[in-house]
Amino acid sequence: MKILAEQKSGNGSKVILVKRTIPNTDPEREEYLFQELRELAKAAGYLPVGELKQTRYPDSKYQLGRGKIEELAELVRSTSAEKVIFYNRLSTNQLFNISEICRCPVIDKFQLILEIFAKRATTHRSKLQVELARLRYEVPRARAVVSLLKKEERAGFMGLGDYEDSYEQDLKKRIARIQSELESAEKDDESLRALRHRKGFSLVSLAGYTNAGKSTLFNAIVNESVEAKDMLFTTLVPLTRALDLGGRKALLTDTVGFIEDLPHWLVDAFKSTLDEIFLSDLILLVVDASEKPEMILQKLSTSHDTLWDRIQGVPIITVLNKVDLVDESELDGIMEQIGYMAPNPVFVSAKKGTGMTALKAEIIKHLPPWCFFSLSLPNSEKGMSILSWLYEEGIVHRVEFGERILVDYEARTEIINRVHALLEPQEI
Amino acid sequence: MWDIIAVDISGRHRIKGGYYMVCAAAALTISASYIEKVKEIKILPLWLKRAPSLLDIVQLIEDTADQLSFEGTIVAEKGDMYNKPKWVTESMFSRAFKYQESIAERRSIELVHHISLSSRNLLIKELQIEA
């Protein structure tokens, strides 16, 4: 099942949004989750024409109650909707049963996210990642789908064969092929990261919940103009730019946002994208401070959940963005409530450009420390070439030319060690 | 900095003769993303002939935490409390209780999980319990 062009664009097609809620949950939070589904549908290019909610425990056959499904089918007919989007994860049987009754395609939130990713995937690699995520989603369903469709029918010559396994095998083969292709791309990335580290760059990445304003902050801090919209998943391909921190070189990477209940297979498929975050020297965790504290906590919790096991003790700066929308007197109250989830908080407004100096100071404070060093190089061709290399790799505070070249120098420890390795013991 | 008591229970599956569970509780001081200090750790084993109920789990956690000489909010994994919503479990404890949220809280749970698991393995071996 390829993602078709008209599916890819969303194409303004009419959809109905459906959500089942378990009893005794917070209605405000449920409304927020429904709003997120609306935003996701909008981001995929759909036009929601109807909504349906039900509070009950899941039904194994239809997810909602039988009566509600019939109500949904009626709604589909009256609004002439082309698709139904469920917030809840649907099993293959449920998908099949609901689409039989509603007579239109049915997808769940995860397939919707995949559609958005497929729509925005521009590079070869991101297309592969989307394909991998889609195939992984499809595998457990493959066998069931075929057997549901071919219940009465036997495949092969005279109907004696069986092609259910071969479809699943085919998917698995494609997964293996894409994985090996992505692995080689990952190796390229790793060597690029190692090269950047060797070059003296510190790697800083922007992480956070989707639509927190990461791209706007990225633009504000590196004077770039990447696409930043009030929309979920605007950024899918990580983008890196140089960040000037008063002489120290750092590379800032804008990344894909997190979302609640993002399944692990999707995180794994986007591993090489998310590695930009996991393997950086410092993470800027961006949060929308203009939201209610409970919502901020929920989003921080999702971000912490995605990060905690993979970042190996990398420091985090919590960037509370959009403070221009918050009354200054409320900031202390917000901090009191979210403090335990917000390491090293900094208040900024990426749109208005406020708080950038404080943010840069906080970044410098948490980057891997640079050593201050005094070197004595031979005044020779070799010494001069080392000196010019030093200019590239760190900050030269003072140079004095005499019988020997005396340098006061600041850089990463690796650079200092390399200078020592380059010079013969008697030359130091 | 916040004072918490991270708890985890190992062995909630049936073995020969019932359920042999070990609860580990650690009194910790944490910041938002790091464990800053490990102050004290206690473990408590429990034999049950029948499957543990939520109340048994709450009692076991309370008893283990009572052995510590430090105060703090009890932090546990949602799965340990049968995925019950926070308002249900909160009301069952005699002290402050919450599910893990921040990076430091998740690390703390990881720490006590390894403690409870390894102590249970040791006890099963030493006491020659048929698992």
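Use the structure listed above.
Residues numbered from 1 in each chain as written. Chains lettered and ligands numbered in written order. Predicted model: local features only at pLDDT ≥ 70, side-chain atom pairs only at ≥ 80, totals over all residues.

Novice: Outline the overall build of chain A, listing residues and values.
Specialist: Helix and strand counts for chain A stand at 15 helices and 13 strands. Put simply, chain A has 428 residues, and 35% of those count as buried. For chain A, restricting intrachain contacts to residue pairs at least 6 apart in sequence, the fraction spanning at least 24 positions comes to 70%. (Helix = DSSP H or I, 4+ residues; strand = E, 2+ residues; numbered from the N terminus. Buried ≥ 20, exposed ≤ 12 C-beta atoms within 10 Å, placed from the backbone. Contact = placed C-beta atoms within 7 Å.)

Novice: An account of the sheet that holds strand β2 (residues 19-30) of chain B is requested, with residue identities and associated values reported.
Specialist: Working definition: the strands of a sheet are paired by backbone hydrogen bonds and lie parallel or antiparallel to each other. Residue and element names in this part refer to chain B. What the five strands build is an open sheet, ordered β3-β2-β1-β4-β5; its pairing is mixed. Every other strand in the sheet has two partners, leaving β3 (35-48) and β5 (97-99) as the edge strands with one partner each. Averaged over all pairs of adjacent strands, the angle between their axes in this sheet comes to 25°, without regard to strand direction. As paired elements, strand β1 (residues 2-10) and strand β4 (residues 73-76) share three bridges and run parallel to each other. When the sheet's bridge partners are listed, Ala-6 is paired in β4 with Val-75. Contacting β1, β2, β3 and β4, helix α3 (residues 103-126) crosses the sheet at an angle of about 145° to β2. (Pairing = 2+ DSSP bridges. Axes fitted to C-alpha atoms, helices over the stretch in contact; angles between N-to-C directions.)

Novice: Talk me through the interface of chain B and chain A; I want residue IDs and the actual numbers.
Specialist: One frequent convention defines the size of an interface as the accessible area lost when the parts assemble. Counting residues at the interface gives nine residues for chain B, matched by nine residues for chain A. Considering each element in turn, the side of chain B that touches chain A owes the most residues, three residues, to α3 of chain B. Considered class by class, the residues forming the side of chain B that touches chain A number three nonpolar, three polar and three charged. (Nonpolar A, V, L, I, M, F, W, Y, C, P; charged D, E, K, R; others polar.)

Novice: Give a description of the nonpolar core that names residues and reports values.
Specialist: If you look at the biggest cluster of nonpolar residues, it comprises 75 residues, and the most contacted ones within it are Val-319 of chain A together with Ile-5, Val-7 and Cys-23 of chain B. In terms of residue count, the dominant contributor to this core is β2 of chain B (10 residues). Contacts of Ile-5 of chain B, omitting those with residues within four sequence positions, involve Ala-25, Ala-26, Ala-27, Ala-65, Leu-68, Gly-72, Ile-74 and Val-75 of chain B. (Core = buried A, V, L, I, M, F, W, Y, C linked by C-beta atoms within 7 Å.)

Novice: Help me get a handle on the sheet that holds strand β3 (residues 83-86) of chain A, residues and values and all.
Specialist: All names here are of chain A. Spatial ordering of the open sheet is given by β2-β1-β3-β4, a layout of four strands whose pairing is parallel. The sheet is open, and its two edges are formed by β2 (47-55) and β4 (106-108), each paired on a single side. The sheet shows a mean angle of 25° between the axes of neighbouring strands, direction not considered. Pairing analysis gives four bridges linking strand β1 (residues 14-21) to β3, with the strands arranged parallel. Note on β3: the bridge partner recorded for Ile-16 is Val-84. Sheet strands in contact with helix α2 (residues 27-43) are β1, β2 and β3, and its direction is about 155° off that of β1. Contacts from helix α5 (residues 109-120) reach β3 and β4 within the one sheet, and its direction differs from that of β4 by about 90°.

What is shown is where atoms sit, not what they do.
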